[in-house]
Amino acid sequence: MHFLAPLAFAFAAAIPVVIAFYLLKRKRVVKLVSSTLLWQKFLAETQASAPFQKLRKNWLLILQILLLTLIVFALARPYFATKAMPAQLRVVILDASASMQATDETPSRFEKARTEALKWVDSLAGNDQMVILQAGANTEVKQSASTQKAALRRALQACVCSDGPTRLVPALKMAESLVRDLDPKTNPEIHLFSDGAVPELNEFENKALPLVFHRVGKDANNLGITALDVRSNPEDGRQRAVYASVANFSTNSQQTDLELLLDDRLLETRPITIHAGETSPQVFLAAQPRDGVFTVHLTVKDDLSVDNQASIVSLLPKPVKVLLVSQGNRLLERALRAAPNVELAATTDLTDPAAGFDFVVLDDVTPTVWPKGNVLAIHVVNTNWFQGATRVEAPAIVDWKSAHPLLRYAGFDNVQVMQSLTARTPTWAATLVEAPQAPLIFAGELGRQRIIWIGFDTLESNWPLRVSYPIFIANAVDWLNPANSRSGQLLVKSGDPFRLALTEPTTSAQVTLPGGTAKPLTLDPNASELVFGDTLKQGTYRLRLGTNETVFCVNLLDMAESNIKPHEAMQLGKYTKVTATTRQRANMELWRTIATLGLLVLLVEWWYYHRRTV
Amino acid sequence: MPDALLTPELLRRLEQFQLLATRRAKSSSKGERRSRARGQSVEFADYRTYVHGDDFRYLDWNLYGRLERLFLKLYEEERELPVRIFLDASQSMTFGEPPKFHFARQVAAAIGYVALSGFDRVSVIPFPDVANGLETDQATRTMEMAARGALRSVRGKKSAIQFFRNLGSLTASGAANLNEALRRGALEARQAGVAVVLSDFLDPAGYESGLTALVGRGFQVDLVQILAPDEVSPTTFGDLRLIDSETGGQQEVTFGRYRMKAYQRTVQNFLQRLREFCKSRGINFFSTSSNTDLQELLLKQLRQAEVWG
């Protein structure tokens, strides 16, 4: 026989204490009686007063010691080493996303889920194993497979709810990989403790995931900011326009005030009313004297407070320096000049990396030296970008991605191309315009360089005559402007890493978190990019890099998270769904109950013994 | 102190009673009880032939007329009935509320008064002796001795007040030896009569030999056991160190309410043993508590048991 908790034998020290209690002489009340004749029968039991004579044949004491021994024995958790049954594996996924901060459960959904998960830890049978995964913006393995309940409890206690969205797919994938190859007899299970506010899980449709969904959450009383952007006011270049979307996910119409702050200074308060289930777009116009942070704040008290505020860094627009390398293309030049705030320079060849320009337009000219910055390449081939360019005659444009920012308001109806270079779309790029044979335009980011590649010479097409051409060029100027892409980088979703290109080697940096905590960073001198991943809390972060300070904002801005309505079922694809379980914990170990019962009996027996004297 | 012991009302009612003796009086003194002795009374007993020297006044002349022989008429001699009251005056009798000893004195007073009213001789024998146990000053002891002496033999209703006074001045103390007291009482009695024993009978040495000696001496024994209410149903619980009032012996006991029944069973067993002992020897047995209504005991229980009538 072995013992799981041999340290519990230390409780055996209580046995001498019990004996000592019996040896203690009880304080007696002196009473004068007429005669002790009638008391003879009662005297006999307690007559012996010599210390060890007392203990002789004291059944009460023997019973107590026996009971105590059994309790100590139970606490030591004895076991026989026998051929073990296959252990069951339970993978617990604890949703640590922002929606779990909702306070419709007391004290919060996350705490409720944690309590439920702890109950399941308690119910773990002897050799069953459990894995604890925390699914927030990133999936963290809080505890690998273990039978140790103390470790599992510690792991659950260490879980922290983030301000980020749920990324359940990686967590489920990890859980699936853990249970996939197990013997089905062992009946592995994945227990998801969540409110069900998760995006699509289509890829698990046919996986027959042994998923048990434990739903938390009751109400859906929430207003949230789901989108935020800042741009120049198209009608007045001196002003900035702040766009915000406020969604009402509750079942009633809600009234609240929406505040706009610039660097914590209140600029405007606007009362808004949003009907149930509707989204209200709001535009603020504000003068901005210098770079700053706009904050939009909802004053309403709802169940989820994390989405009631969002911030965005607003940098004042600077002129875009563009170098056009062309043998002469007036239409392109005019289109470039028509884009706002552009300083255009033109040349016929490029012999240096064009470091002084924001981006370079290569119009049917293969440069001597390829630029290092962003490029709009028209009818040129760079083998570093893709291999195997071929020529096609009169390709018909069959599809274009109007959702891409480059093709915003730019359709390719009635555009004909005489001939075009074409190549298989490289992995770093996305196809924008397609002919049946191959893509004609694609765009993407190769390293830190943004590239738009147009396979055909625009002058060998009627595109420049279409309205979509200047729009596309304006969009391209916007997209290729490093300042714009940088300001895009300054708005990070909770849990996503913040990236910053390093222009010179640096070894240390410091990030000040929203709470004011300074976090020093050590950098590799050879690194060309700084990646900061600790963005679980929303707010304004300040990165100090030498003498420069970069401000970036972390926000939730997630429709799925803000919609905190608890889901009865989780949809896995079109036809599969997992209904919230009502199953309670099972396989409760009995030793605790038995030991408690023993202790209780001991107490009752002691109480009864003393009751006789009152 | 008749007032302290019995009320005038009770005394008046007691006057109606007379002690009922199942045996003939054997006293040598005249009294109002029928005896086996022949003497002068109005109650004809027998005839005997005349012998020289007999008093002519008792000759039956009618019989002489018919038979011409001289016969002398014999009459029953009426003698007194000696009533001995054994009064337990040990320390244990001082317990109870009201004290058992006070109750015992009241019963003794009542029995004594009935006896005195019936021209019987009353002896109150308190035990233990004063010398044995009294721990008071000399004057009190002398008074106690005097009272006890006066109570040794009382006769006549006129002595009743003094009888009560002496009874009232008795005190209880010391350790009783019931057997010894009764045996000595039986030996000391010149004539048997009625013996009334008033005690709690809580004597570790027992009561059997003493009562047997009384019965053996020819006494008609009436036994009144007086217990305190607290002895029947104790009201003190917990871990106790009990001190015996008479022996001074200490005993430790753990007593709780749940053991009350067991205790009462012990008391009942004790009473049952005593009752059976009495029944087997023709002794009238009464068990009473010191808080019992005295009239109830005297006017009902003792009358029903034909102690008096």
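**A word on the overall build of chain B**
Phase 1 of the analysis: Each helix and strand in chain B was counted, giving 12 helices and 10 strands.
Phase 2 of the analysis: By the burial criterion, 39% of the 309 residues in chain B qualify as buried.
Phase 3 of the analysis: Long-range pairs, those at least 24 residues apart, make up 79% of the contacts in chain B between residues at least 6 apart in sequence.

**Quick notes on the overall build of chain A**
Phase 1 of the analysis: Counting secondary structure elements, chain A contains 12 helices and 34 strands.
Phase 2 of the analysis: Considering only residue pairs separated by 6 or more positions, chain A has 68% of its internal contacts joining residues 24 or more positions apart.

**What about the sheet that holds strand β7 (residues 189-194) of chain A?**
All names here are of chain A.
Phase 1 of the analysis: Strand order in the open sheet formed by five strands is β6-β5-β4-β7-β8, with mixed pairing between adjacent strands. Two strands close off the open sheet at either side, each with one partner strand: β6 (139-146) and β8 (211-215). Strand-to-strand twist across the sheet, computed as the mean angle between neighbouring axes with direction ignored, equals 15 degrees.
Phase 2 of the analysis: Relative to β6, strand β5 (residues 129-135) is paired through five bridges, and the arrangement is antiparallel. Bridge pairing in β6 links methionine 130 to serine 146.
Phase 3 of the analysis: Where helix α6 (residues 149-157) meets the sheet, it contacts β4 (89-95), β5 and β6, and its direction lies at approximately 170 degrees from that of β6.
Phase 4 of the analysis: Helix α7 (residues 168-180) contacts β4, β5, β6 and β7 of the sheet and is inclined by roughly 175 degrees relative to β4.

**Examining the nonpolar core**
Phase 1 of the analysis: Counting residues in hydrophobic clusters, the biggest one holds 83 residues, and the most contacted among them are Val92(A), Ile93(A) and Leu94(A).
Phase 2 of the analysis: If we skip the residues at most four places from it in the chain, Val92(A) touches Ala117(A), Trp120(A), Met130(A), Val131(A), Ile132(A), Leu133(A), His191(A) and Phe193(A).
Phase 3 of the analysis: Counting residues in each nonpolar core, the second largest holds 71 residues, with Leu81(B), Ala104(B), Val124(B) and Ile226(B) among its members.

**What about the interface of chain B and chain A?**
Phase 1 of the analysis: At the interface, 30 residues of chain B touch 23 residues of chain A.
Phase 2 of the analysis: Broken down by secondary-structure element, the contributors of at least two residues to the side of chain B that touches chain A are β8 (238-244), β9 (250-255) and α11 (260-280) of chain B.
Phase 3 of the analysis: The element contributing the most residues to the side of chain B that touches chain A is β8(B), with seven residues.
Phase 4 of the analysis: Here the side of chain B that touches chain A is composed, by residue class, of 13 nonpolar, nine polar and eight charged.
Phase 5 of the analysis: Pairing geometry for strand β2 (residues 29-33) of chain A and β8(B), over five bridges, is parallel. Across the sheet, Val29(A) pairs through a bridge with Leu240(B), a residue of β8(B).

**Focus on unusual backbone geometry**
Residue and element names in this part refer to chain B.
Phase 1 of the analysis: Residue glutamate 97 is joined to proline 98 through a cis peptide bond whose omega torsion reads 0 degrees.
Phase 2 of the analysis: Examined against the element boundaries, proline 98 turns out to sit in the loop between β3 (82-88) and α4 (100-117).
Phase 3 of the analysis: Following phenylalanine 127, the chain continues to proline 128 via a peptide bond in cis, the omega torsion being 5 degrees.
Phase 4 of the analysis: Structurally, the position occupied by proline 128 is in the loop between β4 (121-127) and α5 (130-133).

**Focus: the packing of helix α8 (residues 178-188) of chain B against helix α9 (residues 208-217) of chain B**
What describes two packed helices is the angle between their axes and the distance between those same axes.
Residues and elements named next belong to chain B.
Phase 1 of the analysis: One way to put it is that α8 packs onto α9 with a least axis distance of 7 Å and a crossing angle of 15 degrees. Considering the angle they form, α8 stands roughly parallel to α9. By crossing handedness, the relation of α8 to α9 is classed as left-handed. Residues Leu178, Asn179, Ala181, Leu182, Arg183 and Ala186 of α8 form the contact with α9, whose participating residues are Ser209, Gly210, Leu211, Ala213, Leu214 and Arg217.
Phase 2 of the analysis: Split into classes, the residues belonging to the contact of α8 with α9 amount to seven nonpolar, three polar and two charged.

**Some remarks on helix α5 (residues 109-122) of chain A**
Three- or four-residue spacings in an α-helix give side chains the same orientation, since the helix completes a turn every 3.6 residues.
All names here are of chain A.
Phase 1 of the analysis: Helix length check: α5 (14 residues) gives 20 Å between terminal C-alpha atoms against 20 Å at 1.5 Å per residue, within 8%.
Phase 2 of the analysis: If you check which residues of α5 are buried, you get Arg109, Phe110, Lys112, Ala113, Arg114, Ala117, Trp120 and Val121.
Phase 3 of the analysis: Where the residues of α5 are buried, they touch β4, β5, α6 and β7.

**Observations concerning the packing of α4(B) against helix α7 (residues 160-168) of chain B**
All names here are of chain B.
Phase 1 of the analysis: At a minimum axis distance of 10 Å, the contact between α4 and α7 shows a crossing angle of 160 degrees. The orientation of α4 relative to α7 falls into the category roughly antiparallel. For the pair α4 and α7, the crossing hand works out as right-handed. From α4, Arg105, Ala108, Ala109, Gly112, Tyr113 and Leu116 reach across to α7, where they touch Ala160, Phe163, Phe164, Leu167 and Gly168.
Phase 2 of the analysis: Along the lines of polarity and charge, the residues of the contact of α4 with α7 split into eight nonpolar, two polar and one charged.

**Quick word on α9(B)**
All names here are of chain B.
Phase 1 of the analysis: Here α9 has its buried residues at Gly210, Leu211, Leu214 and Val215. Taken down its axis, α9 places every buried residue within 130 degrees of arc, on the same side.
Phase 2 of the analysis: Contacts made by the buried residues of α9 are with α8, β6 (194-199) and β7 (220-227).
Phase 3 of the analysis: Positive backbone phi, at 105 degrees, marks glycine 218, one or two positions downstream of α9.

**Comments concerning the sheet that holds strand β15 (residues 309-314) of chain A**
Residue and element names in this part refer to chain A.
Phase 1 of the analysis: One open sheet holds the four strands; their spatial order is β12-β11-β14-β15, and the pairing between them is antiparallel. Of all the strands in the sheet, the pair left with one neighbour each is β12 (265-274) and β15. Neighbour-to-neighbour, the strand axes of the sheet open up by a mean angle of 15 degrees, direction not taken into account.
Phase 2 of the analysis: Across five bridges, the pairing between strand β11 (residues 254-262) and strand β14 (residues 292-298) is antiparallel. Pairing of leucine 258 across the sheet is with leucine 298, part of β14.

**Quick notes on the pairing of strand β16 (residues 320-326) of chain A**
Side-chain direction in a regular strand flips from residue to residue, so the side chains alternate between the two faces of the sheet.
All names here are of chain A.
Phase 1 of the analysis: By the criterion of burial, β16 is predominantly enclosed, with five of the seven residues buried.
Phase 2 of the analysis: With six bridges joining them, β16 and strand β17 (residues 342-347) adopt parallel strand pairing. Residue pairing for β17: valine 325 is matched across the bridge by threonine 347.
Phase 3 of the analysis: Between β16 and its parallel partner β17, the chain crosses via helix α8 (residues 330-338), and the hand of that crossover is right-handed.
Phase 4 of the analysis: Where β16 meets strand β18 (residues 359-363), five bridges bridge the pair, whose relative direction is parallel. Pairing of leucine 324 across the sheet is with valine 361, part of β18.

**Considerations on the pairing of strand β24 (residues 439-446) of chain A**
Residue and element names in this part refer to chain A.
Phase 1 of the analysis: Here strand β23 (residues 429-434) runs beside β24; their pairing, made up of five bridges, is antiparallel. If you follow glutamate 434 over to β24, its bridge partner there is proline 439.
Phase 2 of the analysis: What sits between β23 and β24 in their antiparallel hairpin is a turn of four residues.
Phase 3 of the analysis: Where β24 meets strand β25 (residues 449-454), six bridges bridge the pair, whose relative direction is antiparallel. Among the inter-strand pairings, glycine 444 is bridged to a residue of β25, identified as isoleucine 451.
Phase 4 of the analysis: From the end of β24 to the start of β25, which pair antiparallel, there are two residues, and glycine 447 there has a positive phi angle of about 70 degrees.

**Things to note about the environment of Arg217(B)**
Residue and element names in this part refer to chain B.
Phase 1 of the analysis: You can see arginine 217 is positioned in helix α9.
Phase 2 of the analysis: For the pair arginine 217 and alanine 186, spaced 31 residues apart in the sequence, the C-alpha separation amounts to 6.1 Å.
Phase 3 of the analysis: Here arginine 217 is in contact with Ala186, Ala189 and Ala192, once residues within four sequence places are set aside.

**A few points about the environment of His214(A)**
Residues and elements named next belong to chain A.
Phase 1 of the analysis: Along the chain, histidine 214 falls in strand β8.
Phase 2 of the analysis: Residue classification places histidine 214 among the buried residues on the basis of 21 C-beta atoms within 10 Å.
Phase 3 of the analysis: Look past the residues within four positions of histidine 214 in its chain and what remains in contact with it is Glu116, His191, Leu192, Phe193, Ala580 and Thr581.

**Quick notes on the environment of Ala137(A)**
Residues and elements named next belong to chain A.
Phase 1 of the analysis: Along the chain, alanine 137 turns up in the loop between β5 and β6.
Phase 2 of the analysis: In this structure, the C-alpha to C-alpha distance between alanine 137 and serine 162, residues 25 residues apart in sequence, is 7.8 Å.
Phase 3 of the analysis: Apart from residues no more than four positions distant in its own chain, alanine 137 is found in contact with Ser162, Gly164, Pro165, Arg167, Ser494, Gly495, Asp496 and Leu536.

**A word on the confidence of the model for chain B**
Phase 1 of the analysis: Within chain B, residue pLDDT values average 83, and 89% of them lie at 70 or more.
Phase 2 of the analysis: For this predicted complex, the interface confidence score (ipTM) comes to 0.78, while the overall pTM stands at 0.52.

Criteria and thresholds
Residues numbered from 1 in each chain as written. Chains lettered and ligands numbered in written order. Predicted model: local features only at pLDDT ≥ 70, side-chain atom pairs only at ≥ 80, totals over all residues. Helix = DSSP H or I, 4+ residues; strand = E, 2+ residues; numbered from the N terminus. Buried ≥ 20, exposed ≤ 12 C-beta atoms within 10 Å, placed from the backbone. Contact = placed C-beta atoms within 7 Å. Pairing = 2+ DSSP bridges. Axes fitted to C-alpha atoms, helices over the stretch in contact; angles between N-to-C directions. Core = buried A, V, L, I, M, F, W, Y, C linked by C-beta atoms within 7 Å. Nonpolar A, V, L, I, M, F, W, Y, C, P; charged D, E, K, R; others polar. Parallel < 35°, antiparallel > 145°, perpendicular 65-115°, else oblique. Left-handed = near helix turned anticlockwise from the far one by under 90°. Expected span 1.5 Å × (residues − 1). Arc of directions from axis to C-beta. Right-handed = clockwise from strand over helix to strand, strands pointing away. pLDDT = per-residue confidence, 0-100.

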